[in-house]
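Listed below, chain by chain, are the residues.
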Amino acid sequence: MDKNLFEEFEDRHWHDAVDDCDEDYFAGLQECEIFYCPAVHVTPFAIPRLEGTFESAGTIKENIACKNRRSFEKINALVDQNELTGDVSESSSKTSLSIYVLGLKGSRIGFSRKVSRYPGVYILRDANGRMWIVGNTLSPAFATFNLTTGKVAEDNSGVQVKLASNMIFFEYAGSLPPYRESDFDSDFSFEFY
């Protein structure tokens with residue numbers, strides 16, 4: 001199966017390592033796991049219908065999967081306990097999520113340049129073990145980035161990531177999709193599991 005030029009370009013620009021498992025960072029924020037994939041690589045999944053119970057209208061139970069040769073990537077990020085927000089009205093709904101990735105370096109700059117160009121589907125696992133979906137194949141999430149070294153030694157150095165979607169987030173009760181651990185080592189390749 002031949003890949004078209006655009007798919008090869010996407011492969012080289014989206015999937016990259018962003019997690020540092022071997023480095024310790026200390027801050028007053030809570031750590032969580034974020035799993036992300038470009039929306040074009042995610043198999044379409046059903047958005048909960050409004051009929052039925054409150055739980056069924058706010059929960060995605062089907063397993064989310066990627067298309068052939070694609071996978072989610074995992075990053076550990078810091079997130080304030082109340083940073084995942086949703087605004088719902090009669091005519092519209094919106095979601096925003098603000099996360100912080102500690103440690104400013106070249107890989108974080110590359111991460112921000114690449115991910116900002118592709119709308120994605122993000123699965124967030126919080127400290128309670130609950131999972132939330134931000135963005136979907138109908139209304140993916142868009143990312144913006146603010147990179148900083150901090151002014152003094154007590155400041156955090158890293159990347160503030162803000163995700164926005166024109167649809168409310170949902171609780172995810174399915175299985176975690178296959179993902180790759182990002183590790184910034186020299187054995188990294190663009191192959192997908």
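Residues numbered from 1 in each chain as written. Predicted model: local features only at pLDDT ≥ 70, side-chain atom pairs only at ≥ 80, totals over all residues. Heavy atoms only, no water.

### Looking at the side chain of Lys74
Within the secondary structure layout, Lys74 lies in strand E3 (residues 72-79). Judged by its relative accessible area of 8%, Lys74 is buried. Side chain to side chain, Lys74 and Glu33 meet in a polar contact 3.0 Å long. (Helix = DSSP H or I, 4+ residues; strand = E, 2+ residues; numbered from the N terminus. Buried < 20%, exposed > 50% of the residue type's maximum accessible area, 1.4 Å probe, protein only. Polar contact = N/O pair within 3.5 Å; in protein donor to acceptor, adjacent residues only side chain to side chain.)

### What to know about the environment of Arg70
Take Arg70: it is sitting in the loop between strand E2 (59-60) and E3. With 33 residues separating them in the primary sequence, Arg70 and Cys37 have C-alpha atoms 8.4 Å apart. At 3.0 Å, the side chain of Arg70 forms a polar contact with the side chain of His41.

### A few points about the environment of Glu31
Mapped onto the elements of the fold, Glu31 is located in strand E1 (residues 30-38). Among all residues touching Glu31, those that are not within four sequence positions of it are Asn76, Ala77 and Leu78. (Contact = heavy atoms within 4.5 Å.)

### Some points on the nonpolar core
Ile34, Leu97, Tyr122 and Val161 are the most contacted members of the largest nonpolar core, which totals 22 residues. Counting only elements with at least two residues in this core, the list comes to E1, E3, strand E5 (93-102), helix H3 (106-115), strand E6 (120-125), strand E7 (131-134), strand E8 (142-148) and strand E9 (158-165). What Leu97 contacts, discounting residues up to four positions off in sequence, is Ile34, Val79, Glu83, Leu84, Leu124, Val134, Val161, Lys162 and Leu163. Grouped together as the second largest cluster of nonpolar side chains are 16 residues, Phe45, Ile60, Ile64 and Ile133 included. (Core = buried A, V, L, I, M, F, W, Y, C linked by side-chain atoms within 4.5 Å.)

Geometry only, nothing functional implied.
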